[in-house]
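Spelled out from the first residue to the last, the chains are:
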Amino acid sequence: VEFEPFTDPEVPPCAGDFYTAATRRAMRTRLRCLTAAARAKSCYWANLQCDATQLQPRPPNPTEATLLLGILVNPKYMPGCDWAGLALGANAPKIVLLRRSNLVKMAVSEITRITARRARAKQSLQLKSGEHDGAAHIG
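Just so we're clear, the structure is a prediction, and the values are computed from it rather than from any experiment.

Asks: What is the right way to look at the overall build of the protein in this model?
Replies: A count of helical and extended segments in the protein gives three helices and two strands. Reading the protein from its N end, one meets helices and strands in the order β-α-β-α-α. The buried share among the 139 residues of the protein stands at 25%. Long-range pairs, those at least 24 residues apart, make up 75% of the contacts in the protein between residues at least 6 apart in sequence.

Here you go:
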């Protein structure tokens, strides 16, 4: 889940059709460079002249299972987005109004942290037991 894409107060807003198209894509595919943390990258959404077709998919991560795909948005930063059109789109995406998004962010962060910790522990156990993928491990 991408948290608050397009919420960069330093960027002039795009037209509503950009936000509608970008949100539609983000509800189907994990996209790169949607948050202000990616501002310096060429793929950053604001560097694409408000062309949603230029948004790049995020490369798949084989260590992550995608259980939930979506974005957590602040509509204030997405003027003119066609929310009704998105709700009626193909595959019936679910739009959920979160009044306490900080709680959702904390829960997802905790899930991510636990998953990463378990993966590190599993790798550590494999290394200790001598199991490996055939590659030489130099410590």
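There is more to say, and it comes next.
Asks: How do you make sense of the nonpolar core when you look at a structure like this?
Replies: A general trend in soluble globular proteins is that nonpolar side chains are found buried together. Counting 22 residues, the largest nonpolar core has F6, F18, Y19, A22, L34, W45 and L55 as the members making the most contacts within it. The element that contributes the greatest number of residues to this core is helix 1 (residues 16–26), accounting for four residues. For Y19, the residues in contact, after removing those within four places along its chain, are F6, P13, C14, W45, Y77, M78, P79 and C81.

So, how was this worked out
Residues numbered from 1 in each chain as written. Predicted model: local features only at pLDDT ≥ 70, side-chain atom pairs only at ≥ 80, totals over all residues. Heavy atoms only, no water. Helix = DSSP H or I, 4+ residues; strand = E, 2+ residues; numbered from the N terminus. Buried < 20%, exposed > 50% of the residue type's maximum accessible area, 1.4 Å probe, protein only. Contact = heavy atoms within 4.5 Å. Core = buried A, V, L, I, M, F, W, Y, C linked by side-chain atoms within 4.5 Å.

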